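Reading the structure
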Amino acid sequence: MLAARSGTEIEGKVSGSIRSCVLFGAALLSNEKIESYRWLLQTFLRAMGGVEPRLIITDECASMKAAISVDFPTSTHRLCMWHIMRKLKDKVGYPLREDKEFLDRFNKCVWCTETDEEFEAQWTSIISDYGLEDHEWLTTRYRIRESWIPVYFKDISLGAFFERLQDLRVPTPFSVIL
């Protein structure tokens, strides 16, 4: 599903509050191949009069990432926090998935840090305190932190998107901000 969130007019036809969500298209793909995503993105681009989105937020699908880099070269691509945070409990396993203090600290680190330095300090402290230095999934999430941690999105207005994302029970794999 391709949905755009905007607080401004889009080509003078659609307007709404900062919390509005306008559905521009939906597609069912028979596979997750790069070619299929490229077709979808090119079709969306034609429907939008050749205007690339400023921002596209997706899950971690490698094929989707490859297609976006080719067909939306000027768009900023970020990863969906909801998808990543949804995996946390499964990836850290027992007993951490039941540890309220760990989960609270991790959520605060991810969602509430206001500077790069604050994020780095909190992340390092959590990893050290819970002996997670060799945790492969968390190490990878740290390596790609600039693509999903909000503190690294300072140049992109995401306020309305994150407010709406927290309200959603099942977000779309594709979210586009025009």
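As the structure is a computational prediction, the values presented were derived from the model and not from experiment. (Residues numbered from 1 in each chain as written. Predicted model: local features only at pLDDT ≥ 70, side-chain atom pairs only at ≥ 80, totals over all residues. Heavy atoms only, no water.)

Notes on the overall build of the chain
Counting its secondary structure elements, the chain contains seven helices and five strands. Ordered by position in the sequence, the α and β elements of the chain form the string β-β-α-β-α-β-α-α-α-α-α-β. Across the chain, the fraction of contacts at a sequence separation of at least 24, relative to all contacts at a separation of at least 6, is 59%. Accessible area of the chain: about 10,200 Å², with a carbon and sulfur share of 51%. (Helix = DSSP H or I, 4+ residues; strand = E, 2+ residues; numbered from the N terminus. Contact = heavy atoms within 4.5 Å. Areas by Shrake-Rupley, 256 points an atom, 1.4 Å probe, with all protein chains shown as cover.)

Section: the side chain of Arg 78
Position of Arg 78 among the secondary structure elements: in strand S4 (residues 76-79). If near-sequence neighbours (up to four positions away) are discounted, Arg 78 is found in contact with Leu 55, Ile 56, Ile 57, Thr 58, Glu 146, Ser 147, Tyr 152, Phe 153 and Ile 156.

Side note on helix H6 (residues 136-143)
Among all positions in H6, only Trp 137, Leu 138 and Arg 141 are buried. In an axial view of H6, the angular spread of the buried residues amounts to 95 degrees, which keeps them on one side of the axis. Looking at H6, the residues exposed on the side facing more than 90 degrees away from the buried face are Glu 136 and Arg 143. Contacts made by the buried residues of H6 are with helix H3 (81-92), helix H4 (100-112) and helix H5 (116-129). (Buried < 20%, exposed > 50% of the residue type's maximum accessible area, 1.4 Å probe, protein only. Arc of directions from axis to C-beta.)

Comments concerning the pattern of salt bridges
Per the counting criterion, the structure on display carries seven salt bridges. For Glu 60, the salt bridge goes to Lys 87, with nearest N and O atoms at 3.5 Å. Taken together, the residues span a long stretch of sequence, with Glu 60 in the loop between strand S3 (55-58) and helix H2 (62-71) and Lys 87 in helix H3 at a distance of 27 residues. Here Glu 60 falls in the partly exposed class, since its relative accessible area comes to 29%. (Salt bridge = Lys/Arg side-chain N within 4 Å of Asp/Glu carboxyl O.)

What to know about the nonpolar core
Leu 88, Phe 102, Phe 106, Trp 123, Leu 138 and Trp 148 are the most contacted members of the largest nonpolar core, which has 25 residues in total. In contact with Trp 123, other than residues within four places in its own chain, are Phe 106, Cys 109, Leu 138, Arg 141, Tyr 142 and Trp 148. Residues Tyr 37, Met 48, Cys 61 and Phe 72 belong to the second largest nonpolar core, which totals eleven residues. (Core = buried A, V, L, I, M, F, W, Y, C linked by side-chain atoms within 4.5 Å.)

Regarding the pairing of S4
For S3 and S4, the ladder comprises four bridges, and the chain directions are parallel. Across the sheet, residue Ile 56 finds its bridge partner in S4, namely His 77. (Pairing = 2+ DSSP bridges.)

A look at the packing of H5 against H6
Two elements in contact, H5 and H6, have axes separated by 12 Å at closest approach and are oriented at 170 degrees. One element, H5, and the other, H6, form an angle in the roughly antiparallel class. For the pair formed by H5 and H6, the contact residues are Phe 119, Glu 120, Trp 123 and Ile 127 on the first element and Leu 138, Arg 141 and Tyr 142 on the second. For the contact of H5 with H6, the residue count by class is five nonpolar, no polar and two charged. (Axes fitted to C-alpha atoms, helices over the stretch in contact; angles between N-to-C directions. Parallel < 35°, antiparallel > 145°, perpendicular 65-115°, else oblique. Nonpolar A, V, L, I, M, F, W, Y, C, P; charged D, E, K, R; others polar.)

Some thoughts on H4
Think of an α-helix as 3.6 residues a turn; residues three or four steps apart then line up on the same face. Between the first and last C-alpha of H4 there are 17 Å, a value that for 13 residues agrees with the 18 Å anticipated at 1.5 Å per step. Of the residues making up H4, those classed as buried are Phe 102, Leu 103, Phe 106, Cys 109 and Val 110. Buried residues of H4, viewed axially, fall in a sector of 130 degrees; they line one side. Packed against the buried residues of H4 are H3, H5 and H6. (Expected span 1.5 Å × (residues − 1).)

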